[in-house]
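Examining the three-dimensional arrangement
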Amino acid sequence: MHWHITVEAVDPTGEEYRREFHFEKNLDGLTDGRIGCSIEDGKGIMGEIQKAVVQRELDLWVRYRRVCQCCGGQLPIKDYQKRNILTVFGTVPVTFPRLTICQSCNPWACFTFSPAADLCPDRATPELMELSAKLGARMSYREASDILSTFLPSHLSPKFTTLRHRTLSVGKRIEDAERSRGWHEFLDKEERTQLELQMDSDPARECVFTVDTVHIPLVKHWGGRTFEAVVGLCGRGGRGDNPGPLFAFEGTRLAELDATASLALMNQGYVGRGDITVISDGEECLKRLADMLPQPATHILDWFHISMQLQPLAQMALTAPQGHGLFEQDIDRIKWRLWNGQSKRALDLIALVRKALSSETCHCLWARRADKLLEKLNTYISRNGQSVINYGERHRAGQRIATSPAEASVNSLVAKRFVKKQQMRWSRTGAHYLLKVRAAMLNGDLSERTRYVPPETEGSPYVASLLNPTPPLLKAA
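Anyway, here's the lowdown on the structure attached to this text. Numbering of residues begins from 1 in every chain and follows the order in which that chain's sequence is written. Since the coordinates come from a predicted model, pLDDT governs what is reported: local features require at least 70, and pairs of side-chain atoms require 80 or more to be given and counted, while whole-chain, interface and lining totals use all residues. Note that the side-chain values use all heavy atoms of the structure and ignore hydrogens as well as water.

**Re the overall build of the protein chain**
Regarding its fold elements, the protein chain presents 18 helices and 10 strands. We call a residue buried when its accessible area falls under 20% of the maximum for its residue type, exposed when it is over 50%, and partly exposed in between, using a 1.4 Å probe and counting protein chains only. Of all 477 residues assigned to the protein chain, the portion counted as buried reaches 41%. The way it works is that DSSP assigns letters per residue, a run of H or I at least four long becomes a helix, a run of E at least two long becomes a strand, and they are numbered from the N terminus.

**Focus: the layout of surface pockets**
In this model, the largest pocket occupies a volume close to 720 Å³. Considering the residues around the largest pocket, the lining is formed by 35 residues, among which Glu 178, Arg 181, Ala 259, Thr 260 and Leu 263 are closest to the centre. Within the residue set of the lining of the largest pocket, elements represented by two or more residues are helix H5 (160-184), strand E8 (246-250), helix H6 (254-267), helix H15 (428-443) and helix H16 (446-449). Among the elements that line the lining of the largest pocket, the one with the most residues is H6, at nine residues. Tallied by class, residues from the lining of the largest pocket come to 17 nonpolar, six polar and 12 charged. Using protein atoms alone on a 1 Å grid, points that fit a 1.4 Å probe yet trap it form a cavity, whereas open point sets bounded by protein on both sides within 12 Å along at least five of seven lines form a pocket; residues with an atom within 4 Å of a point count as lining. Grid points are joined across faces, edges and corners, and a volume is the space filled by probe spheres set on the points. Here the term charged refers only to Asp, Glu, Lys and Arg, the term nonpolar to Ala, Val, Leu, Ile, Met, Phe, Trp, Tyr, Cys and Pro, and the term polar to all other amino acids, Gly among them.

**Considering the sheet that holds strand E4 (residues 90-100)**
Paired strands are those between which DSSP finds at least two bridges. Pairing is antiparallel across the open sheet formed by three strands, whose spatial order is E3-E4-E5. Of all strands in the sheet, those bounded by a partner on one side alone are strand E3 (77-87) and strand E5 (112-113). Bridging between E4 and E5 involves two bridges; their strand directions are antiparallel. Residue pairing across strands places Leu 99 opposite Phe 113, the latter belonging to E5. Contacts are assigned to residue pairs with any non-hydrogen atoms lying within 4.5 Å of each other. Angles run from 0 to 180 degrees between N-to-C directions of axes, and those axes are lines fitted to C-alpha atoms, restricted for helices to the stretch in contact. Sheet strands in contact with helix H1 (residues 39-65) are E3, E4 and E5, and its direction is about 10 degrees off that of E4.

**Concerning the packing of H5 against H15**
Look at H5 against H15: their axes get within 8 Å of each other, and the N-to-C directions meet at 75 degrees. When the axis of H5 is compared with that of H15, the two are roughly perpendicular. Each of Thr 167, Leu 168, Val 170, Gly 171, Lys 172, Ile 174, Glu 175 and Glu 178 in H5 lies in contact with H15, whose residues at this interface are Gly 430, His 432, Tyr 433, Leu 434, Lys 436, Val 437 and Ala 440. Among the residues forming the contact of H5 with H15, the class breakdown is seven nonpolar, four polar and four charged. For this classification, under 35 degrees means roughly parallel, over 145 means roughly antiparallel, 65 to 115 means roughly perpendicular, and everything else is oblique.

**Here we look at the side chain of Asn 340**
With respect to the helices, strands and loops of the structure, Asn 340 is situated in the loop between helix H10 (327-339) and helix H11 (343-357). A polar atom in the side chain of Asn 340 sits 2.7 Å from the backbone oxygen of Trp 336. Setting aside its immediate chain neighbours within four residues, Asn 340 contacts Ile 389 and Asn 390. Residues adjacent in sequence count toward polar contacts only when both atoms are side-chain atoms; beyond that, a polar contact is any pair of N or O atoms within 3.5 Å, and within protein one must be able to donate a hydrogen and the other to accept it.

**Focus: helix H3 (residues 126-138)**
Residue pairs spaced three or four apart in an α-helix point in one direction, given the helix's 3.6 residues per turn. In this model, H3 (13 residues) spans 18 Å end to end at C-alpha, consistent with the 18 Å of a helix rising 1.5 Å per residue. What H3 keeps buried is the set Leu 128, Met 129, Glu 130, Ser 132, Ala 133, Leu 135, Gly 136 and Ala 137. On the buried face of H3, the contacting elements are E3, helix H4 (141-151), H5, helix H14 (404-418), H15 and H16. By this rule, a helix spans an expected 1.5 Å times one less than how many residues it contains.

**Examining the sheet that holds strand E10 (residues 297-301)**
Within the open sheet, the five strands sit side by side as E8-E7-E6-E9-E10. Their pairing is mixed. Every interior strand has two partners, whereas the edge strands, E8 and E10, have only one. Taking the axes of each pair of neighbouring strands and ignoring which way they run, one obtains an average angle of 25 degrees across the sheet. In terms of strand pairing, strand E9 (residues 275-280) meets E10 through five bridges, oriented parallel. Within E10, the residue paired with Ile 279 across the bridge is Ile 300. Here H14 sits on the sheet in contact with strand E6 (206-217), strand E7 (226-236) and E8, set at roughly 30 degrees to E6.

**Remarks on the pattern of salt bridges**
Here, a salt bridge means any Lys or Arg side-chain nitrogen found within 4 Å of an Asp or Glu carboxyl oxygen. One pass over the structure, following the stated rule, counts 17 salt bridges. Ionic pairing is found between Arg 19 and Glu 48, a salt bridge with its closest N-O pair at 4.0 Å. Highlighted residues: Arg 19 in strand E2 (residues 16-24) and Glu 48 in helix H1, separated in sequence by 29 residues. Note on Arg 19: relative accessible area 29%, which makes it partly exposed. Between Asp 79 and Arg 98 there is a salt bridge, and its shortest N-O distance comes to 2.7 Å. Within this pair, whereas Asp 79 is found in strand E3, its partner Arg 98 is found in strand E4, the two being separated by 19 residues in sequence. On the basis of relative accessible area, Asp 79 is assigned to the partly exposed category, the value being 27%.

**Structural notes on the packing of aromatic side chains**
Put simply, two rings from Phe, Tyr or Trp (the six-membered ring, in Trp's case) pair if the centres are within 6.5 Å, and we call them stacked under 30 degrees between planes, edge-to-face over 60, tilted for the rest. A full pass over the atoms with the stated rule returns seven aromatic pairs. A ring pair is formed by Trp 61 and Tyr 64, whose centres lie 5.4 Å apart and whose planes are at 40 degrees; its orientation type is tilted. Separated by three residues within a single helix, Trp 61 and Tyr 64 lie in helix H1, roughly one turn from each other. Pairing Phe 327 with Trp 366 gives two aromatic rings, centres 5.1 Å apart and planes at 75 degrees, and the pair type is edge-to-face. Of this pair, Phe 327 sits in helix H10 while Trp 366 is found in helix H12 (residues 365-383), placing the two residues 39 residues apart along the sequence. When its relative accessible area of 4% is taken as the criterion, Phe 327 is described as buried. Put simply, the rings of Trp 303, Trp 339 and Tyr 391 pair up and form one aromatic cluster.

**Focus on the nonpolar core**
One broad trend across soluble globular proteins is that nonpolar side chains are buried collectively. Definition of nonpolar core: a set of buried residues of the types Ala, Val, Leu, Ile, Met, Phe, Trp, Tyr and Cys, connected through side-chain atoms within 4.5 Å. Counting residues in each nonpolar core, the largest one holds 39 residues, and the members touching the most others are Ile 216, Val 231, Val 414, Phe 418 and Leu 435. Listed by contribution, the elements that provide at least two residues to this core are H3, H4, H5, E6, E7, E8, H14 and H15. When residues in this core are grouped by element, the largest group, seven residues, is from H15. Non-local contacts of Ile 216, meaning those with residues more than four positions away in its chain, are made with Arg 225, Thr 226, Phe 227, Ala 229, Val 414, Phe 418, Trp 426 and Leu 435. If you look at the next biggest cluster of nonpolar residues, it comprises 30 residues, including Leu 310, Ile 350, Leu 357 and Tyr 391.

Below you can see the structure in the form of structure tokens.
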């Protein structure tokens with residue numbers, strides 16, 4: 001069966017555009033259920049339509065760019081070039097001119113530019129780049145490349161390295177947009193000296209950072225087994241509310257942590273009012289985050305990690321031998337003191353319990369194990385004693401006391417894609433850009449985060465004079 005398809009369009013200038021193409025449909029497979037257009041037929045049809053649309057849009061864009069913005073004249077054409085533009089519906093070969101800047105307005109300058117480079121600097125549409133990044137962030141690069149080649153026209157490279165390059169390019173574009181925003185928008189970090197009315201019934205006045213670190217396997221030839229990455233959320237509200245957008249990056253660099261936290265505060269609409277709280281597991285790099293934020297900022301030790309230190313002791317109390325009947329009560333008293341923010345009293349009680357066990361550690365295996373667990377708890381609380389607060393009071397007020405949102409984000413962000421249980425190893429750069437893409441996907445703002453437009457500012461006369469110098473003859477006159 002011979003099909004004839006006609007594409008007609010009317011340009012904004014009023015001109016009509018028409019293009020025709022044909023395709024054949026074999027009827028031999030009707031008895032086998034091959035009715036309608038197949039995927040390959042759809043690829044061919046959409047490929048021809050895409051060629052017509054792209055070439056016509058590019059012609060209109062060239063006509064617009066040929067008009068000089070100063071005098072309204074036509075820019076001269078230097079030569080013509082050919083380029084393949086990759087789209088989701090196929091590769092479109094286009095021919096476009098290179099234009100020279102207006103010699104009447106700028107007689108001292110002579111350089112050319114390409115109108116097609118303004119539309120597709122990567123020689124691929126943003127839609128194809130984002131689609132490749134989304135699939136590359138969800139599954140392995142090989143599987144994502146196979147899926148794209150199955151449903152999209154066969155213009156994609158059979159190598160998975162092309163899709164990996166596009167995914168990491170989107171991640172780099174996200175990081176460049178964040179740096180540009182951090183350069184043009186500043187967060188006021190001056191110490192707040194004014195008094196603020198305490199509104200306990202308004203949990204949205206508090207900006208809460210829940211941050212955690214995760215270890216990612218490192219490629220062998222780079223040295224080392226793993227490297228650290230930071231995963232966190234910043235949001236407003238109390239326990240059970242939305243924890244806020246997710247952010248992640250490779251390494252524990254303080255400059256990167258400071259810039260990311262500042263952007264997260266600006267996204268939450270922070271203008272110098274309200275409380276700032278950082279909840280972490282006690283890592284040194286995360287504890288320093290509270291000092292980088294606008295002061296005063298409070299650091300809270302995660303209650304979940306405290307309870308993880310107490311849980312083995314509570315289980316050992318159930319199997320305590322005779323003569324240690326008060327051990328279970330001592331553990332409950334330690335937990336009660338930590339829950340109410342009495343870290344010093346908890347350390348004193350730990351010292352007393354260890355002293356009582358010291359006489360039996362030499363011949364009792366149970367006592368030696370309990371003493372080691374108490375020593376580990378004592379070290380953990382001693383290092384983070386200033387970050388232990390009254391968890392009971394904060395819990396009754398409906399505020400957050402744990403990094404459970406960050407722990408859940410680690411599972412969804414790192415464990416499912418980086419597959420820690422398999423023999424997958426990553427470079428620092430690849431993991432950093434992939435974390436950016438996955439965080440933007442989980443937040444649902446991948447397109448917005450790659451298209452940041454800096455605010456317009458008035459240029460200084462010095463910079464303007466360099467860009468538009470005065471001609472020598474005019475200066476002499």
